[in-house]
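These are the residues of each chain, in order.
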Amino acid sequence: MTTGDQSTTAYAALLRGINVGGNKKVPMAELRTLLEGLGYDGVRTYLQSGNAVFATGRGDEESLAGEIEEAIARHFGFTVGVIVRDHAHLRAIRDNCPFPAAELEAKQLHVTYFSTPVDTTRFADIDQAAHLPEEFRLGDRALYLYAPDGLGRSKLAEQLAKPRYLKGLLATTRNWNTVVKLVELTEGETPGT
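These notes cover the structure that comes with them. (Residues numbered from 1 in each chain as written. Predicted model: local features only at pLDDT ≥ 70, side-chain atom pairs only at ≥ 80, totals over all residues. Heavy atoms only, no water.)

Brief notes about the overall build of the protein
Thought 1: Along its length, the protein carries seven helices and 10 strands.
Thought 2: Expressed as lengths along the three principal axes of its C-alpha atoms, the size of the protein is roughly 55 × 35 × 30 Å.
Thought 3: Across the 193 residues of the protein, 47% fall into the buried class.
Thought 4: When contacts within the protein are restricted to residue pairs at least 6 apart in sequence, long-range pairs at least 24 apart make up 69% of them.
Thought 5: Working note: accessible area of the protein is about 9700 Å², and carbon and sulfur atoms make up 47% of it.
Thought 6: Mean positive and mean negative side-chain charge positions of the protein (21 and 25 charges, respectively) differ by 6 Å. (Helix = DSSP H or I, 4+ residues; strand = E, 2+ residues; numbered from the N terminus. Buried < 20%, exposed > 50% of the residue type's maximum accessible area, 1.4 Å probe, protein only. Contact = heavy atoms within 4.5 Å. Areas by Shrake-Rupley, 256 points an atom, 1.4 Å probe, with all protein chains shown as cover. Lys, Arg positive; Asp, Glu negative; His and termini not counted. Charge placed at Lys NZ, Arg CZ, Asp CG, Glu CD.)

Description of the sheet that holds strand β3 (residues 9–15)
Thought 1: An order of β4-β5-β3-β6 is seen for the four strands of this open sheet, with the pairing classed as antiparallel. Strands with a single pairing partner mark the edges of an open sheet, and in this sheet they are β4 (41–46) and β6 (82–86). Pairwise comparison of adjacent strand axes, ignoring direction, gives a mean angle of 20 degrees for this sheet.
Thought 2: As defined by bridge partners, β3 adjoins β6 across five bridges and the pair is classed as antiparallel. (Pairing = 2+ DSSP bridges. Axes fitted to C-alpha atoms, helices over the stretch in contact; angles between N-to-C directions.)

Considering the packing of aromatic side chains
Thought 1: In the structure shown here, the tally under the stated rule is seven aromatic pairs.
Thought 2: For the pair Phe123 and Phe136, a centre-to-centre distance of 5.6 Å together with 65 degrees between the ring planes defines the contact as edge-to-face. With Phe123 in the loop between β7 (109–114) and α4 (128–131) and Phe136 in strand β8 (residues 135–139), this residue pair connects regions lying 13 residues apart in the sequence. (Phe/Tyr/Trp six-rings, centres within 6.5 Å; stacked < 30°, edge-to-face > 60°.)

A few points about the environment of Arg174
Thought 1: Structurally, Arg174 can be placed in strand β10 (residues 171–175).
Thought 2: Beyond its immediate stretch of four places on either side in the chain, Arg174 contacts Leu14, Leu15, Ser49, Gly50, Asn51, His110, Val111, Tyr113 and Val179.
Thought 3: A distance of 3.0 Å separates a polar atom in the side chain of Arg174 from the backbone oxygen of Leu15.
Thought 4: A distance of 2.6 Å separates polar atoms of two side chains, one belonging to Arg174 and the other to Thr172. (Polar contact = N/O pair within 3.5 Å; in protein donor to acceptor, adjacent residues only side chain to side chain.)

A look at the packing of helix α1 (residues 28–37) against helix α2 (residues 61–76)
Axes are the key here: two packed helices are described by the angle between their axes and the distance separating the axes.
Thought 1: Running from amino to carboxyl end, α1 crosses α2 at an angle of 125 degrees, the nearest separation of the two axes being 11 Å. It follows from the interaxial angle that α1 and α2 lie oblique. Judged by the twist between their axes, the crossing of α1 over α2 is right-handed. Two secondary-structure elements touch here, α1 through Glu30, Leu31, Leu34 and Leu35 and α2 through Ile68, Ala71, Ile72, His75 and Phe76.
Thought 2: Among the residues forming the contact of α1 with α2, the class breakdown is seven nonpolar, one polar and one charged. (Parallel < 35°, antiparallel > 145°, perpendicular 65-115°, else oblique. Left-handed = near helix turned anticlockwise from the far one by under 90°. Nonpolar A, V, L, I, M, F, W, Y, C, P; charged D, E, K, R; others polar.)

Interpretation in functional terms is not warranted from these geometric data alone.
Laid out in structure tokens, this is it:
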């Protein structure tokens, strides 16, 4: 993506735990204004659950996430964890899905994005066979979860979310529709706001 003479990269910012049960309310119009105030271009949001896309020619995923977290804390008065991923990463997560995404309903497949790389030893004591037909697989700073009855009924998702497995990590989960939409949005397609 290029704006004038400056080369920019398209990113998605994934906010964790906002607009859930009346807590940490972040109206999407205010979030867009906040991100534009940081100098980001092409700011758009998707749904009310904390997905924003933008382009910038400065920083990297980690520094941008920190900048957005600080701006949210200043503006809204509470802390929100933010993971920023560029278009190439988002596309790779979609393209490298270990489950047959095209054959599944979006509510059956989820991706948890992690702030840092995670290896199999972190989840080694989870007995995957005991949770079948539910399954999970690790990817690049991500975990894919197949939950045939949906996330809300998933015993495996409940297990994976325990603090001992997520210690030292920021983690935020999106359903497959959102995973795919974020790829599209960072390619420049028009989102819902």
